[in-house]
Structure formats: C-alpha cells, structure tokens
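Here is what each chain is made of, one letter per residue.
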Amino acid sequence: MTFDYAARRARLAELLPAHEVHALLVTSPVNVRYLTGLASSNAAVLVRMDGTAMLATDNRYIEAARRLDVPSVEVADVAGRLAAPGVGIEAAGMSVAAYRRLGDGLVPLGPLVEVLRAVKEEGELELIRTACAITDEAFADVSPRIAPGMTERELAGLLDRRMTELGADKPAFDTIVAAGEHGAIPHHAPTSRELRAGDLVTMDFGARYQGYHADMTRTVSLGPPAGWQREVYELVAAAQRAGRHALAPGVQAGEVDAAARSVIEDAGHGGYFRHGLGHGVGLEIHEEPFLGPSRTGRLEDRVPITVEPGVYLPGRGGVRIEDTLVTRAGGPELFTKTTKELLVL
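In the annotation of an unreviewed UniProt entry, the entry for the chain reads Aminopeptidase YpdF (MP-, MA-, MS-, AP-, NP-specific), and the organism field reads Nonomuraea gerenzanensis.

### Quick notes on the UniProt feature "domain: Peptidase M24" (unreviewed entry) in the chain
Look at the UniProt record and you will see "domain: Peptidase M24" (unreviewed entry) annotated at residues 126-327. The span residues 126-327 is 32% helix and 23% strand, and its two end C-alpha atoms sit 14 Å from each other.

### Considering the environment of Glu255
With respect to the helices, strands and loops of the structure, Glu255 is situated in helix α10 (residues 253-266). Given the relative accessible area of 47%, Glu255 is considered partly exposed. Along the backbone, Glu255 and Ser294 are 39 residues apart, and their C-alpha atoms lie at a distance of 9.6 Å.

### Section: the sheet that holds strand β11 (residues 212-213)
On the basis of which strands lie adjacent, the open sheet formed by 3 strands has the order β7-β10-β11 and antiparallel pairing. In this open sheet, the two edge strands, each paired with only one partner strand, are β7 (170-171) and β11. Pairing geometry for strand β10 (residues 207-209) and β11, over 2 bridges, is antiparallel. Paired with Tyr209 across the bridge in β11 is Tyr212.

### Some points on the pattern of salt bridges
Within the structure shown, the criterion is met by 23 salt bridges. Across the pair Arg193 and Glu181 runs a salt bridge, and its minimum N-O distance is 2.9 Å. Of this pair, Arg193 sits in the loop between β8 (176-179) and β9 (200-205) while Glu181 sits in the loop between β8 and β9; the two residues are 12 residues apart in sequence, bridging distant segments of the chain. Take Arg193: its relative accessible area is 9%, and that puts it in the buried class. When its relative accessible area of 32% is taken as the criterion, Glu181 is described as partly exposed. Here Glu234 and Arg230 are joined by a salt bridge, their closest N and O atoms 4.0 Å apart. Here Glu234 pairs with Arg230, and both are found in helix α9 (residues 227-246), just 4 residues apart, close to one helical turn. Classification of Arg230 by relative accessible area gives partly exposed; the value is 38%. The network of salt bridges with common partners includes Glu122, Glu126, Arg129, Arg328 and Glu333.

How each quantity is defined
- Residues numbered from 1 in each chain as written.
- Predicted model: local features only at pLDDT ≥ 70, side-chain atom pairs only at ≥ 80, totals over all residues.
- Heavy atoms only, no water.
- UniProt positions renumbered as here; feature names shortened; annotations may be inferred.
- Helix = DSSP H or I, 4+ residues; strand = E, 2+ residues; numbered from the N terminus.
- Buried < 20%, exposed > 50% of the residue type's maximum accessible area, 1.4 Å probe, protein only.
- Pairing = 2+ DSSP bridges.
- Salt bridge = Lys/Arg side-chain N within 4 Å of Asp/Glu carboxyl O.

Have a look at this one:
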C-alpha cells in the first residue's frame with residue numbers, strides 16, 4: 001500500500017514555525033519511514049518549513065531511496081549535509097555523541113512526527129486491521145493444541161509460526177506466554193516451564209503486517225478454573241469492558257485509564273494492577289498516545305489503541321485481557337475479535 005508522503009511532510013512543516021525552527025532533521029528510522037516510505041537502519045530526512053525535503057542514506061539503501069518522491073542523496077556524513085543552525089532535531093532519539101557531532105545551533109525538540117503518526121489514515125487502519133485478523137486467526141488455530149506438558153516456549157513458537165504462515169511479516173514483538181505463577185509477571189519471557197492442569201495461561205502476542213502492528217492478550221484456563229481464578233478473570237473482563245466503552249474522541253487519556261482502573265480498585269485489587277491501561281499502535285508496537293493515571297491530552301478520531309487491564313497476584317498467577325481498537329465518533333471499532341470469555345481448554 002502506498003501513502004501520500006508529501007502530504008505527511010507538509011503537515012509536519014506546518015508545525016515548525018511554532019517551534020521557531022526553519023527545518024526539522026528527522027533521524028528516527030520509523031519516522032523517516034512515515035515521512036518518505038523508506039524502511040532502513042540508516043537514514044535521515046530534512047523537512048523544511050516550505051514542505052520541501054531532502055533524504056540522505058548510505059549506499060545500501062540509495063537505490064530504493066531514489067525511487068521515492070523525495071530528493072535523495074548518498075552521504076557518509078549526514079551531519080555535514082543536512083544539519084545547520086536553526087534546524088530542529090529529534091531530542092528523544094539522538095545520542096549525546098550524535099548531537100555534538102552535528103554542530104552548534106541545533107534546536108532539540110520533543111515529539112512532532114509521533115504526534116502526527118497517532119492519528120491514522122484509513123489505509124494505515126486497514127493494515128492494522130489485517131494484522132489483527134492474522135492474530136485472531138493464529139489464536140483460533142493454536143488454542144485447540146494447548147495442553148498440559150507443552151512448555152511456554154513451545155506455545156510461543158506455535159503462535160509465532162502460525163502468524164507467519166498466515167501472512168505476517170513477523171511477530172510484532174517477543175511473544176509472551178506465562179503459565180501458572182508466571183502469570184503474575186506482566187512481561188514474563190517464556191521458559192521451559194511446562195503447562196499444567198489447573199493453570200491460567202496468559203498469551204500476549206500480535207502480528208506485524210506491512211510494517212504495522214497488532215497487539216492482543218488472552219488468558220485461558222487449563223481445565224475448570226478454581227473459584228479465585230474465575231473471580232479474578234471476571235473482574236479483569238469487567239474492567240476491560242469499562243475501558244473499551246470509555247474510548248472516544250475528545251476524552252482525556254487519564255479518564256479512560258480511570259474507567260478501567262476504578263473497577264479493579266473498587267474490588268480491592270488496585271495494588272495488583274501495576275501498569276498503564278494501554279498504548280497506541282502503528283509502525284511501532286508502543287507509540288502515542290498512552291493511557292495511564294497521569295496521562296494528559298485528549299484522544300482524537302482514528303487513533304488505534306490498546307486496552308489491557310490486568311491483575312497480577314504474586315506466587316499465584318494473573319489475568320490480562322487486551323484488545324486493539326480504534327477510536328471513532330460513533331464508538332470504538334474493535335480490531336481483535338477473539339472472544340473475551342474465559343476459554344476452558
């Protein structure tokens with residue numbers, strides 16, 4: 001799928017006067033891709049206040065760059081060709097060494113391209129929708145095979161392979177599989193621990209499709225759940241519904257988090273929900289905006305975002321339920337459609 005990269009650069013150029021710079025040197029690889037279409041590990045694009053631009057990369061990517069709609073040059077030293085006094089730079093993604101090498105007069109700026117990326121074009125949403133459909137289908141195909149004796153690593157591998165077979169570029173991130181007591185660790189890395197009857201098993205995974213990411217978490221029960229397991233699961237499910245229903249253009253990010261978090265806090269488990277409610281997804285798996293207790297700023301229309309409350313009980317296990325949705329004026333559109341009812345396998 002192709003996008004109007006010149007229009008994206010024009011929108012960025014409109015933001016520059018307010019920051020008192022006449023150009024922005026973009027060095028983040030994902031931001032360079034967003035503005036030019038070039039996916040590379042070494043490139044920079046200078047976007048001027050009038051919307052014109054210059055793309056620089058090395059000889060590994062120069063031929064691909066020359067096929068794009070932005071003038072491209074091959075340079076060994078990006079600083080010498082693109083940086084100059086009065087030019088803004090992306091402070092968050094630049095090392096101190098690189099900043100010193102670029103010279104005097106540069107203006108460190110906060111996230112500008114990231115703010116533009118938060119609101120997606122319909123073509124971008126279609127790619128994320130496809131990534132989510134692959135994720136859903138992979139789970140549907142793999143879940144009947146989940147059984148005691150399988151290791152966390154084996155289950156993660158099955159999910160990863162199935163997503164690739166279904167057309168994913170690759171997994172969107174390192175797949176999480178957390179069984180039993182490991183479910184109390186939100187970002188547990190899969191191990192050789194075998195799944196056992198009576199375990200809750202949390203799987204956090206997603207597909208990347210044409211550069212765009214999906215993110216979904218499901219927790220299943222191996223055999224009939226114990227009373228405390230079902231109680232925690234239903235609590236997290238209620239919190240997740242509250243968070244999903246709170247998503248709307250114009251709503252404060254912190255208010256969405258509070259809608260879900262209050263459900264868990266009212267049940268006495270607030271201390272066991274130890275992360276933000278969600279994050280934007282797109283060319284990166286974690287991008288603007290972020291949903292959390294201290295997050296400010298209002299959501300806009302066409303923002304894909306996750307809602308992922310969890311309760312994590314040390315030594316016992318945990319539950320997380322996560323979906324990728326997109327904000328719409330008429331109510332959020334759900335991209336990951338796998339059932340959120342507790343699956344008993």
